[in-house]
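Okay, here's what each chain looks like letter by letter:
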Amino acid sequence: MHPRRTAINMKTIIEPFKIKSIEPINFTTEREREAYLRRAFYNMFLLPAEEVLIDLLTDSGTSAMSARQWAGMMEGDEAYAGAKSFFRFEHKVRQLTGLRYIIPTHQGRAAEKILFTIVGGKGKYIPNNSHFDTTRANIEFSGAEAVDFPTQEGRDPDVIADFKGNMDVTGLEEFIVRVGATNIPLCMMTVTNNSGGGQPVSMQNIRETKAVCTKHGIPLFLDACRFAENAYFIKKREKGYADVPVKDIVKEMFSYADGSTMSAKKDAIVNMGGFLALNDEALATQARNLLIVTEGFPTYGGLAGRDLEAIAQGLEEVLDEHYLHYRIRSVEYLGERLSTAGVPILQPPGGHAIYLNAKKFLPHVPVEEYPGQSVVVELYRLGGIRSVEIGSVMFGKYDQQGKLIPARMELVRLAIPRRVYTQSHIDYVIEVVIEAHQRQNVLKGYRIIEEAPMLRHFTAKFEPIA
Ligand SMILES: *Cc1c(COP(=O)(O)O)cnc(C)c1O
């Protein structure tokens, strides 16, 4: 008898849901995929999704909604002003974050755009553990400077540590003293740290960051896209939290925040949506004025009433610890199995994705020949898996002689959509990645034959190097 045994203690990961509605996968052959690759110039962004078997391009907006969320869609109140759905959404976000003013936006970057249009501008600095690319872009577009403070261990892809997403608090404080607190309208903290590999931030680190901010009179904002995944890591890894419900961990995380931006396309488990949440009334008034110009009236902000219902419900479901266990454990399982088979990955597994280390995967392919792109192409060719290169294709630049300035790391991200794939899909991914790794010696590099001046990875055309 195991009176206290639950599925969480068992080895096999079971999805904490049954499947009520399905979407068929279009099976293709290697030969067909080779033709699709040629037609798409070996760029995954140029492939129709129908030609993909397992789509691990992103975890953003790709979630499966629950029956209750779909039911909520039917309940959506589409009144222009004061819709019932808005108040349900506002109540839920307020309950979760403890923040006073809740402003819906159509996605995370819209909240960022509004926030930094108000507080950014030339001569201003916005620190963060690591800025996500849209956050950085919105800050820089305002004329301000986006500055990252990852820790030493957070920068090392091979170190195994519990909280590699942490802020370098000492570095942050030195920076504040150097440039002056008056030039820092707010400090951000991204949970989990997406650009740093989906690595979590500890409660202690949030607390210490808040203490430094308070000492210098700077508000702290959470970029809260994956707040629930971060809270679950705290429960599992940080001393003193093992018996605390995730709901209460989330509450404590937000208790240190003066505001928050959120993409609901992540941990609210919906396909579109976001919000800006604030405590400062004057800032909220300014934000609402901008919202009316760019997004819509403050009680819908670029979303339909039904979207607000789905977000409110998703924010409830994401706190279910059986869901979080399945979510974090299945990503970790993918990482463990690859690692055991000798496939080089960024350690330890993050919350929403596994990152393959392409420099080690293909040590014979120089960075100028984009080893990450070569791995991406092979995963698709072999198994129809769509992943994304996060390396010199995405972040590479050229010097004045036209020579490539490579990215710091050459990674391939396998992002796991929420509630979409089962453990057998993950087993299939493991099989394909291991087979690709066994073929490493025959894999060749790629050259770019056409590219745009900005964000080239979306449209670049490639050809294999003979
Ligand atoms: C996705 C994301 C954003 C931007 O959100 P969108 O909904 O894609 O606009 C901001 N920050 C982080 C950490 C993200 O992961």
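For every chain, the first residue of the written sequence is number 1, and numbering continues from 1 along that sequence. With pLDDT at 70 or above as the cut-off, local features in this predicted model cover only qualifying residues; side-chain atom pairs require 80 or more to be listed or tallied, and sums for whole chains, interfaces and linings still use all residues. Note: side-chain values were computed over all heavy atoms of the structure, leaving out hydrogens and water.

1. Structural notes on unusual backbone geometry
Applied cut-off: In DSSP terms, a helix is any run of H or I states spanning at least four residues, a strand is any run of E spanning at least two, and both are numbered starting from the N terminus.
In this structure, Thr192 follows Val191 across a cis peptide bond, with omega equal to -15°. Mapped onto the secondary structure, Thr192 falls in the loop between β5 (187-190) and α7 (203-215). Look at the link from Gln347 to Pro348: it is a cis peptide, with omega at -15°. Locating Pro348 in the fold gives a position in the loop between α12 (321-340) and β9 (353-357). For Tyr42, which is not glycine, the phi dihedral falls at a positive 60°. Mapping Tyr42 onto the fold places it in the loop between α1 (30-39) and β1 (54-55). Here the phi dihedral of Arg419 falls at roughly 65°; this positive angle occurs in a residue that is not glycine.

2. Some words on the sheet that holds strand β11 (residues 388-390)
By way of backbone hydrogen bonds, the strands of a sheet pair with one another, either parallel or antiparallel. Cut-off, in case you're wondering: Strands are labelled as partners when DSSP assigns at least two bridges between them. Fitted lines through C-alpha atoms give the axes, limited to the stretch in contact for helices. The angle between two N-to-C directions lies from 0 to 180 degrees. Contacts are assigned to residue pairs that have any heavy atoms within 4.5 Å of one another.
Ordered in space as β9-β14-β11, the three strands form an open sheet in which the pairing is antiparallel. Among the strands making up the open sheet, the edge pair consists of β9 and β11. The sheet shows a mean angle of 35° between the axes of neighbouring strands, taken without regard to direction. Of the strands in this sheet, β9 and β14 (411-415) touch α12, which is tilted by about 20° from β9.

3. Remarks on the pairing of strand β7 (residues 259-263)
The test is simple: Only protein chains enter the accessibility calculation, which uses a 1.4 Å probe. A residue is then buried if its area is under 20% of the maximum for its type, exposed if over 50%, and partly exposed in between.
In terms of burial, β7 is largely enclosed, as five of its five residues are buried. One ladder, built from three bridges, connects strand β6 (residues 220-223) with β7; its direction is parallel. Bridging across to β7, Phe221 finds its partner in Gly259. Where β7 meets strand β8 (residues 274-278), five bridges bridge the pair, whose relative direction is antiparallel. By the bridge assignment, Met262 is partnered in β8 with Phe275.

4. Comments concerning the pattern of salt bridges
Keep this limit in mind: By definition here, a salt bridge exists when the distance from a side-chain nitrogen of Lys or Arg to a carboxyl oxygen of Asp or Glu is within 4 Å.
According to the stated counting rule, one finds 30 salt bridges in the structure shown. Residue Arg327 pairs with Glu229 through a salt bridge whose shortest N-O separation is 2.9 Å. Residue Arg327 is found in helix α12, and its partner Glu229 is found in helix α8 (residues 227-237); the two are separated by 98 residues along the sequence. Both residues of the pair, Arg327 and Glu229, count as buried. The partner of Arg381 in a salt bridge is Glu378, and the shortest N-O contact between them spans 3.0 Å. Of the two residues, Arg381 and Glu378 are both situated in helix α14 (residues 371-383); the distance of three residues between them amounts to about one turn of the helix. An identical accessibility class is assigned to Arg381 and Glu378; each is buried. When salt bridges that share partners are traced, they join Asp59, Arg226, Glu229, Asp267, Arg327 and Arg418 into one network.

5. Details of the side chain of Ser130
The criterion, for reference: Think of a polar contact as two N or O atoms within 3.5 Å of one another; within protein, one of them needs to be a possible hydrogen donor and the other a possible acceptor, and neighboring residues in sequence only count if both atoms come from side chains.
Inspection of the secondary structure assignment puts Ser130 in the loop between β3 (125-128) and α5 (133-141). Residue class for Ser130 comes out buried when judged on its relative accessible area of 9%. Within the structure, the side chain of Ser130 is placed 3.4 Å from the side chain of Asn193, a separation counted as a polar contact. The contacts of Ser130, once residues within four sequence positions are left out, are Asp148, Pro150, Thr190, Asn193 and Ser195.

6. A short note on the site of the ligand
As a reminder, the rule being used: Residues are counted as near a molecule or strand when any one of their heavy atoms sits within 4 Å of it. Note that accessible areas follow from Shrake-Rupley with a 1.4 Å probe, and for residues the cover is restricted to the protein chains shown.
Among the 14 residues in the neighbourhood of the ligand, the closest are listed as Arg109, Asp223, Arg226, Ser263 and Lys266. At 2.7 Å, a side-chain N or O of Arg109 approaches an oxygen atom of the ligand. Notes on the ligand: free accessible area 380 Å², of which the protein chains cover 98%. Looking at which element gives the most residues to the shell around the ligand, the answer is helix α4 (residues 108-119), with three residues.

7. Some points on the nonpolar core
Note the threshold: Residues belong to a common nonpolar core when they are buried Ala, Val, Leu, Ile, Met, Phe, Trp, Tyr or Cys residues joined through side-chain atoms within 4.5 Å. Residue ranges assigned to each domain were obtained from an automatic or database domain assignment.
If you look at the biggest cluster of nonpolar residues, it comprises 110 residues, and the most contacted ones within it are Phe227, Leu338, Leu356 and Leu379. Considering each element in turn, this core owes the most residues, eight residues, to α12. Looking at which domains feed residues into this core, each of domain 1 (30-59 + 320-464) and domain 2 (67-317) gives three or more. Beyond its immediate sequence surroundings of up to four residues, Leu338 is in contact with Val343, Ile345, Ile354, Leu356, Leu414, Ile430, Val433 and Ile434. Counting 20 residues, the second-largest nonpolar core is a separate cluster that includes Ile103, Ala144, Met188 and Ala284.

8. Observations concerning the domain arrangement of the chain
What the domain assignment lists for the chain is domain 1 (30-59 + 320-464) and domain 2 (67-317). The distance between the C-alpha centroids of domain 1 and domain 2 comes to 28 Å. Between domain 1 and domain 2, the residue contacts involve 23 residues of the former and 28 residues of the latter. At the surface where domain 1 touches domain 2, the tally comes to seven salt bridges. In this structure, the salt-bridge partner of Glu317 is Arg419, at a minimum N-O distance of 2.9 Å. Where domain 1 meets domain 2, there are 19 residue pairs in polar contact (both at pLDDT 80 or more). A total of six residues in the side of domain 1 that touches domain 2 trace back to one element, the largest contributor, which is α12.

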